[in-house]
Amino acid sequence: MNAAEIRKRFLEFFARNNHTVVDSAPLIPKDDPSLMFTNAGMVQFKKLFLGQEKRDYIRATTSQKCLRVGGKHNDLENVGRTARHHTFFEMLGNFSFGDYFKEDAIRFCWTFLTEELKLDKSRLYITIYKDDDEAFDLWRKVAGVSPERIYRLGEKDNFWSMGDTGPCGPCSEVHYDQGEEVGCGPNCGIGKCDCDRFLEIWNLVFMQYDQAEDGTRTALPRPSIDTGMGLERIAAVCQGVHSNYETDLFQSIIQYTADLAGVKYRQDTEIDTALQVIADHSRAIAFLIPDQVLPSNEGRGYILRRLIRRAYRFGKLMGLEGSFLWKTASKVVEDMGGHYAELKDSKDFMVEVVRGEEESFAKTLDKGLDMLEQELAALEKAGAKVVPGETTFRLYDTFGFPIDIVRDVAEKRGIDVDEAAFDVLMKEQKDRSKAAWKGSGEKDVASLFQVLLEQGVTSEFSGYELMSDQSEITYLLDESGKVAEALPQGATGWMVAAVTPFYGESGGQVGDTGEIAATTGKALVVDTVKPSRNLTAHKVKVAEGELKVGAACFLNVDRTRRLATMRNHTVTHLMHAALHKVLGDHANQAGSLVGPDRLRFDFTHIKGLSAEEIAQVEAIVNRVILEAIPVDRSVMSIADAQAKGATALFGEKYGDTVSVIEVPGVSMELCGGTHLDNTGIAGSFVIASESGVAAGIRRIEAATGGNAIAYLNERRAAAAEAAAMLKAQPAELPKKVHDLQQQVKDMAREMKALQAKLASGAGRDLLSDAEEIGGIKVLAAQVDAPNMNIMLEQMDALRSKMESGIVCLAAAHEDGKVSVALAVTKDLQGKFKAGDLIKPVAAEVGGGGGGRPDMARAGGTNPAGIPAAIAKVKELIAG
């Protein structure tokens, strides 16, 4: 049974058992600021388990794409070398949110394994938490597992917690006996060893306690279920192989790569490792880029860059030339695009990103190998037999070299590697990285309103139709989130009303501001947030009287601010569509901010937009504005919206019912924000700036309506001021600026020629200062030169006049740096070489250098050391 069939059967089995099939969340966790990547199936349901969110279902099943390469789950160095370690993997899971508990979870698990997958019951073993007698009895009752096949293990193995506090509970694991031939010997057994004979295939977590800060646990009122089964592992079991890499999930990529390299799998251990690394990393790469992770030097982008570089290195070791990873990643798209449509949608963009990164690293890799060769040559010359940990770490940190490559190259030269020192430096880097990681950047609004969410408090939003409404104050919280009956004059806090026209910040649109007039007092609304899909909270500052729970109130949105925000939001949709037309379908939203003053839009694109492309986008958007097209908002099922072709934005979570914003013939997106009734109300549109904010992510800032006119007026005033300064008309500015630039270039050439002439004359004048040391004519002097190039001009003038001798010139510059140049005539190079002489000389000015036997140069940072450097030259020649 292939992996796709296992995945299909799993989801269909739980769908038949009243579970909602939920699409995989992106690899970037939207609602969990603590995680770099989604690393388990339960991540997208965390708010449900914490009681911070309600959804339309209480049972769910998923096949979740996951990535584990950093922090607690850093498996990278083992990937490709063991049968089970992976970066990217799929986690099959079923979940109950306060519905069924242990008995049904065990029944579903056992039925699926033994009836759907037809696994041999005699090969299945169970582990439970040591004190979980209930689970012990249920495995016997529901599945008929004999007591001797159920093992009780401690907290380390069979107890799960979400963190130091919060939901937790015992877990139960199902293990599959792969046979004695896989075991590690006579003491092999569950809980006794870590070999692969008894392979864990499914983990059932029974969330039944709430853990407090002091470690005490109380029973949850509605226990839940979270299970996870790795698709790669269960595929290996079903296909009768002992390595995940031998399953169809990997073999297609491995055989494709082997054909590219002209090698065979399972004939050479090193070749096998390389093929497995490339297969694993190609999967991760193919999934990361569609989820808007792009190569960079920090955060998630750095992880992707490391994966690309590591796979590329292994390809080079195997003999692959040029770019190849884009081909193996494309093979992943071919194999898995049927279930994960985003792979096909982003294939062209992914290929462009990977190919560019490969070509860039090819140059870096050669430099790294050259540096390693130089280091090894220096060690051999010094008679050293160990590569220092600092050297290995520098190669790893700068060029992405793993220690095994350094070890392989060094061993061939009979040199060891100080791995202990390298490990210390790696640990220090990981500690720094851990300290620097600030989370995913998502705003955690829900935690402040935990008490309301746990009670299921909701509010109705009337702001699509109204900007003023009448309601009743249902809840008040002080600034710390503590429930209050009233907020006095001058106090700041939070207010919830049964009905509100105020839009809570979400989907990139800022929250509304305005006023609340209650029967007991008045308050300013300074912000509005949305802790959950069905709850809006107003941040208020009480201006008069007090706000009291139960009081009737009028809620009045700031209309001018809301209208300006709606202009920017509707035009954001128009611009998104225009970017697709001008740049291609890969230019997808990667983030946005829609406020009253401006709109900010981040999107995926490799390079900056040209002036022509910016003009095209502006023209398309302004044409749609001028056409005054009605903007339609409709509510429908998510399935109907997708069938109509509505664009779902990356990372957003949608319920069964969604709001669709359509500008007929132009744009159709799932969006819960507020919008104009007609595109013509936007008035005008102008792009104020376009820039890069991360590798492969561009940012446009733009304005609409009166803000666009104000922006253009500012630019017109600036152009008029510049034209007046140049005594020209604004239309003549480009020619005037071009003429000025040409004048500056001409003057720079003239200045350079004059400096060279002066330097030549100064150089000839210095010859009179030469002295004879040991029969050799020596000139060592400090000169006035603004830079190294001018000093070299002086050096050339001196060399042309000196038939035999040694010249050393040094100069201090305005930036506090020092330049040194040293030349030796050909007849003296048998005894003195410029490259050797300059090193101890440069040390006197706090620097270093090198060069050829006839000419060398150096830099330093200590101008006060120049006299000592000149003396050092004479000392070296005197012997």
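Read on for an overview of the structure. (Residues numbered from 1 in each chain as written. Predicted model: local features only at pLDDT ≥ 70, side-chain atom pairs only at ≥ 80, totals over all residues. Heavy atoms only, no water.)

1. Considering the packing of helix H1 (residues 3–16) against helix H6 (residues 231–238)
At a closest axis distance of 10 Å, the pairing of H1 and H6 adopts a crossing angle of 115°. Between H1 and H6, the angle is such that the two are roughly perpendicular. With respect to the hand of their crossing, H1 and H6 are arranged in right-handed fashion. Contacts between H1 and H6 involve Ala3, Ile6 and Arg7 on the former and, on the latter, Leu231, Ile234, Ala235 and Cys238. Broken down by class, the residue content of the contact of H1 with H6 amounts to 6 nonpolar, no polar and 1 charged. (Axes fitted to C-alpha atoms, helices over the stretch in contact; angles between N-to-C directions. Helix = DSSP H or I, 4+ residues; strand = E, 2+ residues; numbered from the N terminus. Parallel < 35°, antiparallel > 145°, perpendicular 65-115°, else oblique. Left-handed = near helix turned anticlockwise from the far one by under 90°. Contact = heavy atoms within 4.5 Å. Nonpolar A, V, L, I, M, F, W, Y, C, P; charged D, E, K, R; others polar.)

2. Quick word on the sheet that holds strand S32 (residues 818–824)
Spatial ordering of the open sheet is given by S29-S30-S31-S32-S34-S33, a layout of 6 strands whose pairing is mixed. Both outer strands of the open sheet, strand S29 (771–773) and strand S33 (848–851), are each paired with one neighbouring strand and no more. Taking each pair of neighbouring strands and ignoring which way they run, the sheet shows an average axis angle of 20°. One ladder, built from 3 bridges, connects S29 with strand S30 (residues 776–782); its direction is antiparallel. (Pairing = 2+ DSSP bridges.)

3. Observations concerning unusual backbone geometry
Unlike most non-glycine residues, lysine 118 shows phi in positive territory, near 60°. Note on placement: lysine 118 falls in the loop between helix H3 (102–116) and strand S4 (124–129).

4. Section: the side chain of glutamate 53
Structurally, glutamate 53 can be placed in the loop between helix H2 (46–50) and strand S2 (59–67). In this structure the side chain of glutamate 53 is engaged in a polar contact, spanning 2.7 Å, whose partner is the side chain of arginine 55. In this structure glutamate 53 touches Lys47, Leu48 and Arg533, once residues within four positions along its chain are discounted. (Polar contact = N/O pair within 3.5 Å; in protein donor to acceptor, adjacent residues only side chain to side chain.)

5. Here we look at the nonpolar core
Leu113, Trp139, Ile201, Trp202 and Ile234 are the most contacted members of the largest nonpolar core, which totals 98 residues. It is helix H8 (residues 269–288) that contributes the most residues to this core, 11 residues altogether. The residues contacting leucine 113, other than those within four sequence positions of it, are Lys118, Leu119, Val174, Ile201, Trp202, Met229 and Ile234. Within the second largest apolar cluster, 48 residues are counted, among which are Ala491, Ala523, Leu609 and Val621. (Core = buried A, V, L, I, M, F, W, Y, C linked by side-chain atoms within 4.5 Å. Buried < 20%, exposed > 50% of the residue type's maximum accessible area, 1.4 Å probe, protein only.)

6. Points about helix H20 (residues 705–725)
The end-to-end C-alpha distance of H20 is 31 Å, a good match for the 30 Å that 21 residues give at a rise of 1.5 Å each. All of the buried residues along H20 are Gly705, Ala708, Tyr711 and Ala723. Within H20, the buried residues cover an arc of 130° as seen down the axis, which keeps them to one side. Structural note: H20 exposes Gly706, Glu721, Ala724 and Met725 on the side pointing more than 90 degrees away from its buried face. One or two steps after H20, the chain reaches lysine 727, where phi turns positive at roughly 55°. (Expected span 1.5 Å × (residues − 1). Arc of directions from axis to C-beta.)

7. So, the sheet that holds strand S25 (residues 657–663)
Ordered by their spatial adjacency, 3 strands build an open sheet running S24-S25-S26, and the pairing between neighbours is antiparallel. Of all strands in the sheet, those bounded by a partner on one side alone are strand S24 (632–637) and strand S26 (667–670). Averaged over all adjacent pairs, the angle separating strand axes in this sheet is 25°, with direction ignored. Two elements, S25 and S26, share 4 bridges in a ladder whose sense is antiparallel.

8. Notes on the pairing of S26
Of the two faces of S26, the one carrying Ser667 and Glu669 and the one carrying Met668 and Leu670 are both buried. From the end of S25 to the start of S26, which pair antiparallel, there are 3 residues, and glycine 665 there has a positive phi angle of about 80°.

9. Quick word on the packing of aromatic side chains
Summed over the entire model, instances satisfying the criterion amount to 28 aromatic pairs. Among the aromatic residues, those joined into a cluster by ring pairs are Phe10, Phe13, Phe14, Tyr100, Phe108, Phe112 and Trp202. Between arginine 152 and the ring centre of phenylalanine 136, over which it is positioned, the NZ or CZ distance is 4.9 Å. For the cation-ring pair, arginine 633 lies above tyrosine 464, with the distance from its terminal atom to the ring centre recorded as 3.4 Å. (Phe/Tyr/Trp six-rings, centres within 6.5 Å; stacked < 30°, edge-to-face > 60°. Lys NZ or Arg CZ within 6 Å of the ring centre and 35° of its normal.)

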